[in-house]
Amino acid sequence: DSGVTQTPKHLITATGQRVTLRCSPRSGDLSVYWYQQSLDQGLQFLIHYYNGEERAKGNILERFSAQQFPDLHSELNLSSLELGDSALYFCASSAGVDTGELFFGEGSRLTVL
Amino acid sequence: AQKITQTQPGMFVQEKEAVTLDCTYDTSDPSYGLFWYKQPSSGEMIFLIYQGSYDQQNATEGRYSLNFQKARKSANLVISASQLGDSAMYFCAMREGLRGGYQKVTFGTGTKLQVIP
């Protein structure tokens, strides 16, 4: 158990809908990262937050947004969903902005029908 | 340009043999970190090993070692005495921008390792 909690674990929705994925980092970790892994693909970096502040953005679509709250949990909002958004979405946390490994949650598997 | 390159989409290794998974990286940052993660078929991402760019010694963790060749910008993972449970996808990753400010962790496309009994 990495200590990173992601909900929901599975989500099935329709095209055009909006969903919110939630991530609770390990206790004390200030950094939260979001990644998208499509079928048989590597991990695409979406966005990184540190202590509530956005620190880096990757290939995140304009239809997607994220935030990190004062209690350090983070949410990834996906709107106007398309079939191609079906993927495993991972959240990872680390202690600082530049320290050590990333601890991954189990992922949220999104299926868009 | 790809930041992290894993040129072996798939590999086979005999049980109890050693195997090397290749990873090359590209960065202009003087300070960076390199990771290897394992993703079994169940989907979770398992941290294996970490190497900082200023670390003098190659990192080792049990049966895993990282063959870090800074001049060649390579960070190959060596798994000794392969076990059936090692069958999984393996991802190389790099953290850049360690001096604060902009920074991100980029993953390679992965190598699928299959251990043969």
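In the block above lies the structure referred to throughout.
A brief structural summary.

1. Focus: the pairing of strand β9 (residues 87–94) of chain A
All names here are of chain A.
And then number 1: A large share of β9 lies buried, amounting to eight of its eight residues.
And then number 2: Residue alternation in β9 divides its side chains into two sets, Ala87, Tyr89, Cys91 and Ser93 and Leu88, Phe90, Ala92 and Ser94, and both sets are buried.
And then number 3: Pairing of strand β4 (residues 31–37) with β9 involves seven bridges; the strand directions are antiparallel. Looking at β9, one finds that Gln37 is bridged to Leu88.
And then number 4: For β9 and strand β11 (residues 108–112), the ladder comprises three bridges, and the chain directions are antiparallel. For Ala87, the partnering residue across the bridge sits in β11 and is Leu110.
And then number 5: The pairing of β9 with strand β10 (residues 103–104) spans two bridges and is classified as antiparallel.

2. Description of the sheet that holds strand β8 (residues 74–78) of chain A
Residues and elements named next belong to chain A.
And then number 1: Pairing within the open sheet is antiparallel, and its four strands lie in the order β1-β3-β8-β7. For this open sheet the edge positions go to β1 (5–7) and β7 (64–68), each flanked by a neighbour on one side alone. Averaged over all neighbouring strand pairs, the angle between strand axes comes to 15°, with direction disregarded.
And then number 2: As paired strands, strand β3 (residues 19–24) and β8 are joined by five bridges and run antiparallel to one another. Looking across to β8, one finds that Leu21 is bridged to Leu76.

3. Considerations on the state of the cysteines
And then number 1: Here the structure, examined in full by the defined rule, presents two disulfides over all chains.
And then number 2: A sulfur-sulfur distance of 1.7 Å marks the disulfide that ties Cys23(A) to Cys91(A). Looking along the S-S bond of the Cys23(A)-Cys91(A) disulfide, the torsion reads about -45°, which is the left-handed sense. Of this pair, Cys23(A) sits in strand β3 while Cys91(A) sits in strand β9, placing them 68 residues apart in sequence. Cys91(A) matches Cys23(A) in its accessibility class, with the two residues each being buried.
And then number 3: One disulfide bridge connects Cys23(B) with Cys92(B), the sulfur atoms lying 2.0 Å from each other. Disulfide Cys23(B)-Cys92(B): the torsion about the S-S bond is -65°, which places it as left-handed. Taken together, the residues Cys23(B) in the loop between β3 (19–21) and β4 (24–25) and Cys92(B) in strand β10 (residues 88–96) connect sequence positions 69 residues apart.

4. Quick word on the nonpolar core
All names here are of chain B.
And then number 1: Core analysis: the largest hydrophobic core is formed by 25 residues, its most contacted members being Tyr25, Trp36, Ile49, Leu77, Tyr90 and Leu113.
And then number 2: For this core, the secondary-structure elements that each account for two or more residues are β2 (10–14), β3, β5 (32–39), β6 (46–52), β8 (64–69), β9 (74–79), β10 and β12 (111–116).
And then number 3: Looking at which element gives the most residues to this core, the answer is β10, with four residues.
And then number 4: If we skip the residues at most four places from it in the chain, Tyr90 touches Gln6, Leu21, Trp36, Tyr37, Lys38, Leu48, Leu77, Ile79, Gly110, Thr111 and Leu113.

Conventions used here
Residues numbered from 1 in each chain as written. Chains lettered and ligands numbered in written order. Predicted model: local features only at pLDDT ≥ 70, side-chain atom pairs only at ≥ 80, totals over all residues. Heavy atoms only, no water. Buried < 20%, exposed > 50% of the residue type's maximum accessible area, 1.4 Å probe, protein only. Helix = DSSP H or I, 4+ residues; strand = E, 2+ residues; numbered from the N terminus. Pairing = 2+ DSSP bridges. Axes fitted to C-alpha atoms, helices over the stretch in contact; angles between N-to-C directions. Disulfide = S-S within 2.5 Å. Core = buried A, V, L, I, M, F, W, Y, C linked by side-chain atoms within 4.5 Å. Contact = heavy atoms within 4.5 Å.

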